[in-house]
Amino acid sequence: MKANQADHSVAILCRVLKLSRSGFYAWLQRSPSQRRERDRALLAGIRAVHDASRGTYGAPRIHAELQARGERVGRKRLARLMRQDGRRGVTRRRFTVTTRRGKGRPAPDRVERRFEAEGPNLLWVATRCGAH
């Protein structure tokens, strides 16, 4: 409502939103709640830890860091504040292993490297998806 106050009168905005004008003006004068103040303080700590990690730490690591500093905060609350602030951690890449590990037995070569069939439906050969 406050953002649209320049374009429309408060009376019209309150009527559309089904609010009382006195309630709107009381809300403007009201000081922030304790929870909102605590969220602001936590967000400052979250930003400091996130920036110190060069943006790599996510909610679990920031939670552990804040706990080590003696701050008590729930991980889900911390994740919500990070999400609202647009902060994310960096996930590690998972590498795909394409070679056999150890002395594993290779798959049997059932076509014995012969890729021409003598007739239809006698030999089926598949290529890897995405191969050109």
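Keep in mind that what you see is a predicted model, and the values were worked out from it rather than measured.

## Brief notes about the side chain of H50
With respect to the helices and strands, H50 occurs in helix α3 (residues 34-52). Take H50: its relative accessible area is 7%, and that puts it in the buried class. Not counting residues within four places of it along the chain, the set of residues in contact with H50 comprises G55, Y57, I62, M82, R87, R88 and G89.

## Some words on the packing of α3 against helix α4 (residues 59-68)
Interaxial distance between α3 and α4 falls to 10 Å at its minimum, and their mutual angle equals 110°. Between α3 and α4, the crossing angle belongs to the class labelled roughly perpendicular. Between α3 and α4 lies a crossing of right-handed hand. Of α4, the residues touching α3 (which contributes G45, I46, V49 and H50) are I62, E65 and L66. Here the contact of α3 with α4 is composed, by residue class, of 4 nonpolar, 2 polar and 1 charged.

## Comments concerning the packing of α3 against helix α5 (residues 75-85)
α5 packs onto α3 with a crossing angle of 75° between their chain directions and a minimal axis gap of 10 Å. Compared by their axis directions, α3 and α5 come out roughly perpendicular. Residues R35, R38, D39, L42, L43, I46, R47 and H50 of α3 form the contact with α5, whose own contacting residues are R77, L78, R80, L81, M82 and D85. A class-by-class count of the residues in the contact of α3 with α5 yields 6 nonpolar, 1 polar and 7 charged.

Calculation notes
Residues numbered from 1 in each chain as written. Predicted model: local features only at pLDDT ≥ 70, side-chain atom pairs only at ≥ 80, totals over all residues. Heavy atoms only, no water. Helix = DSSP H or I, 4+ residues; strand = E, 2+ residues; numbered from the N terminus. Buried < 20%, exposed > 50% of the residue type's maximum accessible area, 1.4 Å probe, protein only. Contact = heavy atoms within 4.5 Å. Axes fitted to C-alpha atoms, helices over the stretch in contact; angles between N-to-C directions. Parallel < 35°, antiparallel > 145°, perpendicular 65-115°, else oblique. Left-handed = near helix turned anticlockwise from the far one by under 90°. Nonpolar A, V, L, I, M, F, W, Y, C, P; charged D, E, K, R; others polar.

Nothing here speaks to function; it is all geometry.
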